[in-house]
Amino acid sequence: MNQAQTIALYQPLLHTIAYNLVRCKEDAEDIVQETFMKWLSIDQQKIDNTKAYLVRAVTNNCLSHLNSLRRKKEEYMDNVSEMIKHFKETNLAHLDMDAAIKVLHVKLEPLERAVYLLKEVFDFDYEDLQQTFDKKKDHCRQLFCRAKKKLSEETSKIDLPDTSKLLESFRNACHFGNASDLIQELKKDIAEAISKKF
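Residues numbered from 1 in each chain as written. Predicted model: local features only at pLDDT ≥ 70, side-chain atom pairs only at ≥ 80, totals over all residues. Heavy atoms only, no water.

## Considerations on the overall build of the protein
For clarity, the threshold we go by: Helix numbers and strand numbers start at the N terminus; a helix is a DSSP run of H or I with at least 4 residues, a strand a run of E with at least 2. Burial classes: relative accessible area under 20% of the type maximum marks a residue as buried, over 50% as exposed, and values in between as partly exposed (1.4 Å probe, protein chains only). It only takes one pair of heavy atoms within 4.5 Å for two residues to be counted as in contact. Note on areas: these come from Shrake-Rupley sampling with a 1.4 Å probe, and a residue is covered only by the protein chains present in the view.
In terms of regular secondary structure, the protein is built from 9 helices and 0 strands. Each helix (α) and strand (β) of the protein, taken in turn from the N terminus, gives the series α-α-α-α-α-α-α-α-α. Per-residue burial for the protein yields a buried fraction of 35% across its 198 residues. Intrachain contacts of the protein at a sequence separation of at least 6 include 66% that bridge at least 24 residues. Looking at the protein as shown, the accessible area adds up to about 12700 Å², and 49% of this sits on carbon and sulfur atoms.

And the structure:
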């Protein structure tokens, strides 16, 4: 049996094993392909049982892949914990998250709020902010300073608005590490504020 015949024969079995282990079609396909690439690069005369070798190799590759994912998840969870800890250490530390978002909504203009949240909580640098909002770095820096100043001023009794959508996007950004929904929500606020002026 030549190499092409061997691949055609064992590919379905290896794909089934890989998919059952990693539960992702694309990852399973990549792992099977990598396994065959490795097999093609070694001296096959030294392998007594090709099927057993390929099954063991694909299983080991799947386990390495799963360990790598677990490590990434642990690193990500550490980062999320750091972000939440950082959030709690800001000027809004005495408020719960819901109230904190509402205070941000009342005290800051939409662009100030967007810059403050992404810089203070998610550690965006001014380069990232410039690209996200298409504003110069110096302008973003001024917006951030202005936001911090406004937030440090005494909060008297204020009517707190409904900020459930913003809060949900913020929580998702904290929990899932993806700030894109939050950025869209912040941009929507900015666009609405601009349209009200005209």
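Back to the text.
## What about the packing of aromatic side chains?
Applied cut-off: Only the six-membered ring of Trp is used, alongside the rings of Phe and Tyr, when aromatic pairs are assigned; centres must lie within 6.5 Å, and planes under 30 degrees apart are stacked while those over 60 apart are edge-to-face, with the rest tilted. In our convention, an over-ring charge means Lys NZ or Arg CZ found within 6 Å of a ring centre and within 35 degrees of that ring's normal.
Inspection of every chain in the model, using the stated rule, returns 2 aromatic pairs. Look at Phe36 and Trp39: their rings are 6.3 Å apart centre to centre, the planes differ by 70 degrees, and that puts the pair in the edge-to-face class. Taken together, the positions of Phe36 and Trp39, both in helix 2 (residues 25–41) and 3 residues apart, correspond to about one turn of that helix. Ring centres of Tyr116 and Phe144 lie 5.9 Å apart, and the angle between their planes is 20 degrees; on these two criteria the pair is classed as stacked. Here Tyr116 is found in helix 5 (residues 110–121), whereas its partner Phe144 is found in helix 7 (residues 137–152), with 28 residues between them in sequence. In this structure, Lys119 packs its charged tip against the face of Tyr126, placed 5.1 Å from the ring centre.

## Section: helix 5
Inclusion rule: Expected span of a helix: the number of residues minus one, times 1.5 Å.
For helix 5, spanning 12 residues, the distance from its first C-alpha to its last is 16 Å, which sits close to the expected 16 Å at 1.5 Å a residue. Burial analysis of helix 5 places 12 of its 12 residues in the buried class, which makes it a mostly covered element. For helix 5, the full list of buried residues reads Pro110, Leu111, Glu112, Arg113, Ala114, Val115, Tyr116, Leu117, Leu118, Lys119, Glu120 and Val121. Just downstream of helix 5, Asp123 is the residue with a positive phi angle, here 60 degrees.

## Let's talk about the nonpolar core
What counts, and what does not: Only buried residues count toward a nonpolar core, which is a set of Ala, Val, Leu, Ile, Met, Phe, Trp, Tyr and Cys residues joined through side-chain atoms within 4.5 Å.
By size, the foremost hydrophobic cluster in this structure holds 25 residues, and its most contacted members are Leu104, Tyr116, Leu118, Leu129 and Phe133. When residues of this core are assigned to their parent elements, the largest contribution, 7 residues, is made by helix 5. Formed by 16 residues, the second largest nonpolar core is a distinct cluster that contains Leu14, Val22, Trp39 and Val58.

## Looking at the environment of Val32
Structurally, the position occupied by Val32 is in helix 2. Each C-alpha atom, one on Val32 and one on Thr16, is 9.7 Å from the other, the two residues being 16 residues apart in sequence. Those residues within four positions of Val32 in sequence are excluded, and the remaining contacts are Gln11, Leu14, His15, Ala18 and Val58.

## Examining the pattern of salt bridges
This is how it is decided: We count a salt bridge whenever a side-chain nitrogen from Lys or Arg sits within 4 Å of a carboxyl oxygen from Asp or Glu.
The full count for this structure, using the stated rule, is 5 salt bridges. With a closest N to O distance of 3.1 Å, Lys25 and Glu29 form a salt bridge. With Lys25 and Glu29 both in helix 2 and 4 residues apart, the pair spans about one turn of that helix. Residue class for Lys25 comes out partly exposed when judged on its relative accessible area of 48%. Overall, Glu29 belongs to the partly exposed group, its relative accessible area being 35%.

## Some details on the side chain of His15
Residue position: His15 is located in helix 1 (residues 3–22). Classification of His15 as buried rests on a relative accessible area of 18%. Leaving out residues up to four positions away in the same chain, His15 has contacts with Lys25, Ala28, Glu29 and Val32.

## Examining the environment of Asp30
With respect to the secondary-structure elements, Asp30 resides in helix 2. We classify Asp30 as partly exposed; its relative accessible area is 39%. For the pair Asp30 and Ala18, spaced 12 residues apart in sequence, the C-alpha to C-alpha distance is 9.5 Å.

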